Amino acid sequence: MNIVKLEKELNELVALMTNNNWDFHPDQKPSNEQIIKAYQEGWYQKDRETFWIEKNNIKVGLIIIHDITDTIPSFDIRLDRIARGKGIGEKAVNWITDYIFKLPDKKIRIEAYTRSDNIAMRKTFSKCGYVKEGYLRNAWENKDGTVSDSICYAFIRSDWENKEITPIKLNDLPF
């Protein structure tokens with residue numbers, strides 16, 4: 001697997017985003033026009049870094065790191081249906097974690113959100129050492145007007161540096 005920066009591959013971006021269903025994203029089936037407009041308006045670059053996930057020189061996914069200038073970035077992964085269930089997501093999340101924590105401006109933590117029913121992504125976060133920190137009720141607005149629950153995961157710098165997972169104190173108090 002290779003990770004390479006998105007440059008000017010608009011046609012490939014449109015193909016990936018429109019030839020797949022994104023069941024666990026707010027807009028499950030974006031149109032060509034939506035992707036082109038977002039790209040032209042700088043959505044994939046403004047305070048973001050976007051990378052291709054390649055397997056055997058084929059673009060099989062996309063990584064979008066949001067709030068890259070913030071001390072607490074987050075990210076999104078999109079895998080082509082042909083790449084799902086093959087461990088590529090786990091490798092991508094591990095790459096993202098190392099990439100972000102190796103940046104010179106010392107990120108504090110990485111946050112990641114997914115819909116509560118996205119079991120594959122939840123398993124991936126867990127395998128990669130991300131800690132489940134919150135269950136957010138009715139926090140994920142879908143384009144079709146429905147609302148889903150969301151789960152917040154995070155990885156903190158000190159855990160990454162020390163290769164450990166510190167427990168959270170969510171239930172130390174009953175309120």
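Note that the coordinates shown come from a computational prediction; the quantities given were computed from them, not determined experimentally.

What follows deals with the overall build of the chain. Along the chain, the regular secondary structure elements total five helices and seven strands. Along the chain, helices (α) and strands (β) appear in the sequence β-α-α-β-β-β-α-β-α-β-β-α when read from the amino end. In terms of overall size, the chain behaves like a compact globule, its C-alpha atoms giving a radius of gyration of 16 Å where 175 residues would be expected to give roughly 16 Å. Of all 175 residues assigned to the chain, the portion counted as buried reaches 45%.

Our next topic: the pairing of strand β2 (residues 48-55). Here β2 lies mainly inside the structure; six of its eight residues are buried. In this structure, strand β1 (residues 2-5) lies alongside β2, joined through four bridges in antiparallel fashion. Each bridged residue has a counterpart across the sheet, and for V4 the counterpart in β2 is W52. With eight bridges connecting them, β2 and strand β3 (residues 58-66) associate as antiparallel partners. Its bridge partner being in β3, W52 is matched across the sheet by L62.

Structurally, G85 is set in the loop between β4 (74-79) and α3 (88-101). What makes G85 exposed here is its relative accessible area of 83%.

Our focus in this paragraph is helix α1 (residues 10-18). Turning to α1, its buried residues number three or more, namely L10, L13, V14, L16, M17 and T18. Looking at the buried residues of α1, the elements they touch are α2 (32-40), β2, β3 and β4.

The next point concerns α3. Three or four residues apart is the spacing at which side chains of an α-helix point the same way, because the helix has 3.6 residues per turn. Taking 1.5 Å as the rise per residue, α3 with 14 residues should run 20 Å; its terminal C-alpha atoms sit 20 Å apart, in good agreement. The complete set of buried residues in α3 reads I88, G89, A92, V93, I96, T97, I100 and F101.

Our focus in this paragraph is the packing of α3 against helix α4 (residues 119-127). With their axes 9 Å apart at the nearest point, α3 and α4 run at an angle of 50° to one another. As far as their axial angle goes, α4 and α3 are oblique. Regarding α3 and α4, the two cross each other, and that crossing is right-handed. Across the interface between the two elements, G89, E90 and V93 from α3 touch M121, T124 and K127 from α4. Here the residues of the contact of α3 with α4 are counted per class, giving two nonpolar, two polar and two charged.

Right, let's talk about the side chain of S148 for a bit. Mapped onto the secondary structure, S148 falls in strand β7 (residues 147-156). Every residue in contact with S148, bar those within four places of it in the chain, is listed here: R115, N138, A139, W140 and N142.

Turning to the packing of α1 against α2, a few remarks are in order. Where α1 meets α2, the axes come as close as 9 Å, and the angle between the chain directions of the two elements is 135°. By the criterion of interaxial angle, the relationship of α1 to α2 is oblique. Crossing angle aside, the handedness with which α1 passes α2 is right-handed. Across from L10, L13, V14, M17 and T18 in α1, the residues of α2 making contact are N32, I35, I36 and Y39. For the contact of α1 with α2, the residue count by class is seven nonpolar, two polar and no charged.

Reading guide: rules and limits
- Residues numbered from 1 in each chain as written.
- Predicted model: local features only at pLDDT ≥ 70, side-chain atom pairs only at ≥ 80, totals over all residues.
- Heavy atoms only, no water.
- Helix = DSSP H or I, 4+ residues; strand = E, 2+ residues; numbered from the N terminus.
- Rg over C-alpha atoms; globule rule 2.2 N^0.38 Å.
- Buried < 20%, exposed > 50% of the residue type's maximum accessible area, 1.4 Å probe, protein only.
- Pairing = 2+ DSSP bridges.
- Contact = heavy atoms within 4.5 Å.
- Expected span 1.5 Å × (residues − 1).
- Axes fitted to C-alpha atoms, helices over the stretch in contact; angles between N-to-C directions.
- Parallel < 35°, antiparallel > 145°, perpendicular 65-115°, else oblique.
- Left-handed = near helix turned anticlockwise from the far one by under 90°.
- Nonpolar A, V, L, I, M, F, W, Y, C, P; charged D, E, K, R; others polar.

Any functional reading would require information that these geometric values do not contain.
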